[in-house]
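Structure assessment
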Amino acid sequence: MLAVKLICAGKLREKFYIEAFREYEKRLAAFCRFETVEVPEVKTLEDPSEAEVVGALEKEARAILEKIPQGAYVIALCVEGTKFSSEELAKLVAERALAGDSRLCFIIGSSNGLHPSVKQRAEVRLSVSDMTFPHHLFRVMLAEQIYRVFTINAGRKYHK
């Protein structure tokens, strides 16, 4: 069974996000070993300098990179990434499984994004939209898309 790890900078706090996310965790249990790891988001001032943002991203990157499982196929979520449809992402996951990758790792950065070292570690840089979403809401959205990927690959009707 494929192992899917979601590494996120920051902690879900809002009850409604937590409940929605848990629903997709439950659904994903039928398809994969799904695990979520939260690393601390480094807080910055209200209007941080570029140096402060870079410093915060470097600290978050160290924590993120040490949580990536050895041999994992890494997909980093970032605005400059490639946009995939649900079907294209399903195809990528199926191809990776056929290629023998037993671990997928998705990474969501903090509100400041991801440090370049995390993006460089990723095999795929994924963008889902030109719109901006709160990254806690996006965590729920990504969990739903991962569930959708598995239903597409299983030939189920959920994705229609």
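Residues numbered from 1 in each chain as written. Predicted model: local features only at pLDDT ≥ 70, side-chain atom pairs only at ≥ 80, totals over all residues. Heavy atoms only, no water.

This brings us to the pairing of strand β1 (residues 3–9). β1 sits mainly inside the fold: seven of its seven residues count as buried. Going residue by residue along β1, you find A3, K5, I7 and A9 tucked away on one face and V4, L6 and C8 tucked away on the opposite face as well. Both β1 and strand β2 (residues 33–39) contribute to a ladder of seven bridges, which runs parallel. Within β2, the residue paired with C8 across the bridge is E38. (Buried < 20%, exposed > 50% of the residue type's maximum accessible area, 1.4 Å probe, protein only. Helix = DSSP H or I, 4+ residues; strand = E, 2+ residues; numbered from the N terminus. Pairing = 2+ DSSP bridges.)

Of all hydrophobic cores here, the largest spans 33 residues; its most connected members are V4, L6, F34, F106, L142, I146 and F150. At nine residues, the largest contribution of residues to this core is made by helix α5 (residues 135–153). When residues no more than four places from it in sequence are discounted, the contact partners of L6 are F21, F34, E35, T36, V37, F106, I108, R139 and L142. If you look at the next biggest cluster of nonpolar residues, it comprises 15 residues, including A9, A72, A76 and V118. (Core = buried A, V, L, I, M, F, W, Y, C linked by side-chain atoms within 4.5 Å. Contact = heavy atoms within 4.5 Å.)

For the rest of this paragraph, the subject is the environment of F106. Take F106: it is sitting in strand β4 (residues 103–108). C-alpha of F106 to C-alpha of Y73: the two residues are 33 residues apart in sequence and 8.6 Å apart in space.

Quick look at α5 now. Helix length check: α5, at 19 residues, gives a terminal C-alpha distance of 26 Å against a target of 27 Å (1.5 Å per residue), a fit within 8%. Among the 19 residues of α5, 15 are classified as buried, and the element is accordingly described as predominantly covered. (Expected span 1.5 Å × (residues − 1).)

It is worth spelling out the side chain of S86 at this point. Locating S86 in the fold gives a position in helix α3 (residues 86–98). Only 2.6 Å separates the side chain of S86 from the side chain of Q145, close enough to count as a polar contact. In this structure, S86 is in contact with Q145, R148, V149 and I152, ignoring residues within four places of it in sequence. (Polar contact = N/O pair within 3.5 Å; in protein donor to acceptor, adjacent residues only side chain to side chain.)

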